[in-house]
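Residue-level listing of the chains:
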Amino acid sequence: MTDTRFDPSSADGRWQRAWEEAGTFTADSHSEKPKSYILEMFPYPSGRIHMGHVRNYTMGDVLARYKKMQGHEVLHPMGWDAFGMPAENAAMEKKVHPGEWTHANIEGMKKQLKGIGFALDWTREFATCDPEYYGHEQSLFLDLYEAGLVYRRSSEVNWDPVDMTVLANEQVIDGKGWRSGAEVEKRKLDQWFLKITDFADDLLDGLGELKDWPDKVRLMQENWIGKSQGLEFSFELSDGTKLPVYTTRPDTIFGASFVAVAADHPVAQSLVADPKVAAFIDECKKGGTTAAALETAEKLGYKTPITAKHPFTGTDLPVFIANFVLMDYGTGAVMGVPGHDQRDFEFATKYELPIARVVAKDVSLAQAPMGEEAEAGDGVIVNSDFLDGMNVEDAKADVIAKAETGGWGEGTTVWRLRDWGISRQRYWGTPIPIIHSPDHGPVPVPKDQLPVKLPDDIDFDTPGNPLERHPTWKHTTCPISGKPALRETDTLDTFVNSSWYFLRFASQPDDVPFDPAEIAKWMPVQHYIGGIEHAILHLLYARFWTRAMERIGKFDVKEPFAALFTQGMVTHETYELGDGSWLSPDEVRKDGADWVAIEDGAPVTAGRVVKMSKSKKNVVDPDAIIAEYGADAVRWFMLSDSPPERDLPWSQDGIEGCGRFVQRLWRLFQQLDTSATGEDPKVDRDLARKAHQAIVAVAEDIEALSFNKAVARIYELTGATEKAKPSESRNFAIRTLMSLVSPMMPHLSEEAWSQADGEGLIADADWPTHDPAMLVEDEVTIAIQHKGKLRDTITAPKGAAKEDLEALALASEKVQRSLDGAEVRKVIVVPDRLVNIVT
RNA sequence: GCGGGUGUGGCGGAAUGGUAGACGCCGGGGACUUAAAAUCCCCUGAGCUUUGCUCGUGCGGGUUCGAGUCCCGCCACCCGCACCA
C-alpha cells in the first residue's frame, strides 16, 4: 500500500502472464458446471487491431468473465479468418508469400489482443489457413457432396481481363475492376454451388425461433430469402411454343395487356437474327447497375412479331422484350398488368398499350378511370368475368385452382435466395477437393488423401490464378482409373471458412472436423457478438452450414447462435483542411473554440462524426492509447456512455476521464480499513444497501448487455463510497466495487485484490452475493403534485398508508399555497411514489 | 419505391404511464500549491418580475388525475433492400 498511482505499464503485463500461467481461461469440457459459449466474430488478420475490434471483444470479454464469476464453465475462444484477397494483394505488391504475410499479421495482432487482457482460451486458437483446418473443411465439403448438396453448373461471373480473375459483385465499381480499373466482362464459367435453396423454408422458419436476435437482422434475412407465392402458367405463343410466366397477382389476369421477356430469355435470343433485336438486347445490357441508374432508368421494350394467347379470353397479347424483366427471377417472363403494377403501368403508357381496371375500391367504381399511377392496393375484382365481386385473396386462389384443373399452370413458391456459388479463381483459399477425370468427370478426392494442400512455391508475377499456372500441382491421377487427371484449381469462398469455425472451436480432434459429443456440450453459442455488416451473408451461411450438418446427421443442433448481438461502430470527429484533405486527430489542436493544424496553424473544419477509416484519417490506434492509459481505461471507455448497439464516438476527453476513473478507484481500493468501527448506524446501513443494490443491478445490466448502465451504477456507488467515513459498510462497498468492476477492469481489480489479501485471482472469484433484505429502502421520497404538476416532495417511511400520505401532502405549505383555497375534488395516491391532488 | 430504426441539455446518454435530464464529458467558480500537475468542493436545460414562477423530451392533435413513455396525423435524419413481377 505504498504507491498512490496505479501503474498499468507494470500491472497489465504481470496479470496477463498470471492468467496465462494459471490457465485461468482454458475451458474444461469435462466440468460439471453449466456451460457458456461466448463468441465474438473472429478477425481477418489484416495487420493491426483497430478500435472496432477492441469494442467488440471487450463486450464479449465482460460477458465471459461475468459468466465465469456466476459459476459457469466458459468457452471464449479466438482465432483467425485467415484466407482472403488482401494476402494475395500483398503478395503481388510486396513480393511476400500470402502465408508469410498472414502469419506475421497474426503474430502481431495476437500480441495486441493479449495486451488488452482478454479472457480468451488461446489453447483453441487456429487460423483457417492452417492445413489442419482447411483439410477438415474439405472433408465436410465432400460429405455435403455425397449428400447431394453440392453441384456444378455453368454460371455467369464478373471477369477482370487484366487480373484474369473473377470478381465479386462488390469488387466491381462502375463496371470496372476495383484493382485493375479494367472494364469488367461477363463470362460463363463452370462453378460449384451449395444447395442453400434446399433450406430456404427451414432458414426462414428458423428465424421465428431466434428470439434473442435483433429484429432488424431477422427482417433482413427474411427479405433476403424473399419467399413469394403465386401462379406459374404458360402462354401459348403464335409460333406454337409455350412461354411460362410467374405472377403473384393471378387475380389481375383479366387486366393483362402484354407479355414481356428478359433480354437474355430464350424467346428473345431466338430472334437475334434480326439486327434490330440484337441491337436492342445490347442496349439492355449496357444499362447501369447502380442504384441511381435503376431509379431513373426508363422502361424500354421491343415489340416482337410473336403474340401470346390469353388463357381465359383467348385474346392475342403482344410479346415484348423488355429491359426491366430479370432473367434470374421467376421464369424470366411476365404478364403485364398495367392497371395494377407500377412498372407495367409506365411501360404501357410509353408504348400506348391498354390500361384496364380489374380491381376497384368498391364495385360501384368498376368503370372509374385509372389515374396517373397503377393501383397496387387491395379491393374487389371487377371487369373480370367469373372473378367479378371477389376479394383479391379469393380471386388469387380461384385462378390458381382453375389453372391447376385446366392443366395450364400451378400455384408455386418462388424464392429470391439463390444457391451459393462457392468457386473462386484464387490461390489463397481452401482448395476444392475434386479431381477432373477424363473418364469419370469430377471425382471427389478420397478422404485419406486429405488435406489437399496449397503449394508453397507460387508465382504472383503474372496475373491469373496461380494454382492454374503452377507447373505440377494440378497434375494428379484419377482415383478410380488411375489415369492422369487434373485437380480442380478453384478454391472455396472464404465465407465457407467462417461457416463452421465455431464448431471447430468447440471441439478439435485430429482425425475428424469435430466430435459430436463435444458439440452437444457447448453448442449453440450462447452469445454471438459482431458487426451488423454480417447480418446477411455470414450469418445466413453459418445457419445454412449448421442445418446442413444436422441434416446429414453430424449432430442435433439446428441453429448455431442462440443470441446475436450487433454492436455499433467506433466513430470519431473528422478534421478537414480548406483544400478538402483530411488531418488525423494528432495533427490538430483546439485553439479557443476553433480547430487548427498543429504544423502551420491553418484553420481546420471539425466535421461529422463518422466511422474510423483510413481515408478520413480519423483513426485512433489502440496500441498508442493503451501505452498511455493502460488496457483498463480503454476497456472502460468502450463500455461507457453509448448503448452498445449504437455508435460510440471516440474522444480524447473521454479516454482521459476513463484514465482518471481508474486512478480514482485505485485510491479508493487502498482505503480498506479493518479497524473501522462505523459512525452512524443509519448512514452505514444506507451505504451497505447501495452496495447490495448495485450487486443486483450491475448483474442485470451485464446480462442485458446494457454495459453503459452498469458503468453508471458503478460510478454512483463509487461516489457514495468515497463520501462515507470508514466503517464496515464502507469496506464492504469497496470490496463489492472491486468485484463489480473486475470483468471490465481486470488488471486493476487483480492488483487491488492481491493487495487486499484476496484469495487466488479475482478472475476465479465468485460474483458477490447480496442480501435480499438489504435491498429494501426504509424511507422513500414522495412527489406531491397539484393537477399533475410537481409542487413539493416529502420523505415518508416505506409502505406508509394512503391516508397518511394524503394527510402529509395536504400539510405541505407549498401545496397549500398552490391550492389557494380551491376545493379538493380528488386525491390520487400511488404508494411509495406520489400524491396527486386534483381540484 | 419497399422495409426498419432514431429524434431528450453544449455533447454521449438515464428514466416498470408517476419528481425529465441519473451517470459521464465539456464549461464556470473555489480550495490546496511559490507555481503547475494531480486531487477535492460548489454550480451548470431555457426564461422571468428569482423565498418562487413559467416553459421544456422533433412538430400538431388525442387518451389520462398524470404522457419522453400509449393512440392518430406529420416532419427530419440514419440504415438495409431495390425494376423480385
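None of these values were measured; they are calculated from a predicted model.

Student: What is the right way to read the side chain of serine 31 from this model?
Tutor: Looking at the secondary structure, you find serine 31 in the loop between helix H1 (8-22) and strand E1 (35-40). Residue serine 31 is classed as buried on the basis of its relative accessible area, which comes to 13%. A polar atom in the side chain of serine 31 sits 3.0 Å from the backbone nitrogen of lysine 33. A distance of 3.3 Å separates the side chain of serine 31 from the side chain of glutamate 73, its partner in a polar contact.

Student: Can you walk me through the nonpolar core in this structure?
Tutor: Grouped burial of nonpolar side chains is what soluble globular proteins tend to show. Membership of the largest hydrophobic core comes to 167 residues, with the highest contact counts inside it found for Tyr37, Tyr501, Phe502, Trp650 and Ile702. In terms of residue count, the dominant contributor to this core is helix H2 (residues 51-69) (nine residues). When near neighbours in sequence (up to four residues on either side) are disregarded, isoleucine 702 contacts Val62, Leu63, Tyr66, Phe707, Ala710, Met744 and Trp767. The next biggest cluster of nonpolar side chains, apart from the first, holds 37 residues, and it includes Val261, Ile321, Ala333 and Ala403.

Student: I would appreciate a short explanation of the protein's contact with RNA strand B in the present structure.
Tutor: Near RNA strand B there are 47 residues, and of these Thr248, Lys299, Tyr329, Arg343 and Asn836 occur at the shortest range. Counting only atoms of RNA strand B within 4 Å of the protein, the fraction found in sugar and phosphate groups is 64%. At 2.6 Å from a base oxygen of RNA strand B is found a side-chain nitrogen or oxygen belonging to lysine 299. At 3.3 Å from a phosphate oxygen of RNA strand B is found a side-chain nitrogen or oxygen belonging to arginine 791. Among the elements that make up the surface near RNA strand B, the one with the highest residue count is helix H22 (residues 707-723) (five residues). Classifying every residue of the surface near RNA strand B by side-chain character gives 20 nonpolar, nine polar and 18 charged.

Student: Which parts of the structure should I look at to understand the pattern of salt bridges?
Tutor: Inspection of every chain in the model, using the stated rule, returns 40 salt bridges. Across the pair lysine 402 and aspartate 398 runs a salt bridge whose closest N-O atoms are separated by 3.2 Å. A residue pair is termed a helical-turn pair when its members lie 3 or 4 positions apart in one helix, as lysine 402 and aspartate 398 do in helix H12 (residues 392-406) at four residues. The exposure class of aspartate 398 is buried, given its relative accessible area of 18%. Between lysine 483 and aspartate 439 there is a salt bridge, with its nearest N and O atoms 2.9 Å apart. Pair noted here: lysine 483 is in the loop between strand E21 (475-477) and strand E22 (484-487) and aspartate 439 is in the loop between strand E19 (434-437) and strand E20 (441-444), with a separation of 44 residues, a long-range link. Accessibility expressed as a relative area gives 42% for lysine 483, which makes it partly exposed. Aspartate 439 sits in the partly exposed class, given a relative accessible area of 42%. In the salt-bridge network here, residues are joined through shared partners; they are Arg685, Asp686, Arg689, Glu777 and Asp778.

Student: What is the right way to read the packing of aromatic side chains from this model?
Tutor: Applying the stated criterion across every chain, the model contains 41 aromatic pairs. Note on phenylalanine 258 and phenylalanine 347: the rings are 5.0 Å apart at their centroids and 35 degrees apart in plane angle, and the pair reads as tilted. You can see phenylalanine 258 sitting in strand E10 (residues 258-261) and its partner phenylalanine 347 sitting in helix H11 (residues 342-350), a full 89 residues away along the chain. Considering the side-chain rings of phenylalanine 320 and phenylalanine 347, the 5.1 Å spacing of their centres and the 85 degrees angle between planes classify their relative orientation as edge-to-face. Of this pair, phenylalanine 320 sits in strand E12 (residues 316-322) while phenylalanine 347 sits in helix H11, and the two are 27 residues apart along the sequence.

How each quantity is defined
Position numbers for residues count from 1 along each chain, tracking the sequence in the order it is written. Whichever chain is written first becomes A and whichever ligand is written first becomes 1, with later ones labelled in order. Two thresholds apply to this predicted model, a pLDDT of at least 70 for residue-level local features and 80 or more for giving and counting side-chain atom pairs, whereas whole-chain, interface and lining totals are computed over all residues. The side-chain numbers reported here are obtained from all heavy atoms of the structure, hydrogens and water having been left aside. Starting at the N terminus, helices and strands are each numbered in turn, a helix being any DSSP run of H or I of at least four residues and a strand any DSSP run of E of at least two. Exposure is judged per residue with a 1.4 Å probe applied to protein chains only, and the accessible area is read against the type maximum: over 50% gives exposed, under 20% gives buried, and values in between give partly exposed. For this analysis, a polar contact is any N or O atom pair within 3.5 Å, provided that within protein one partner can donate a hydrogen and the other can accept it, and provided that sequence-adjacent residues contribute only side-chain to side-chain pairs. Buried Ala, Val, Leu, Ile, Met, Phe, Trp, Tyr and Cys residues form a nonpolar core when they are joined through side-chain atoms within 4.5 Å. Any two residues whose heavy atoms approach within 4.5 Å are treated as being in contact. Throughout, the term near means that a residue has one or more heavy atoms lying within 4 Å of the molecule or strand in question. Each residue gets one of three labels, nonpolar for Ala, Val, Leu, Ile, Met, Phe, Trp, Tyr, Cys and Pro, charged for Asp, Glu, Lys and Arg, and polar for the others, Gly among them. In what follows, salt bridge is the name for a side-chain nitrogen of Lys or Arg lying within 4 Å of a carboxyl oxygen of Asp or Glu. Any two of the Phe, Tyr and Trp rings considered here, Trp counted by its six-membered ring, make a pair once their centres fall within 6.5 Å; the pair's planes then place it as stacked at under 30 degrees, edge-to-face at over 60, or tilted in between.

Geometric values such as these leave the question of function open.
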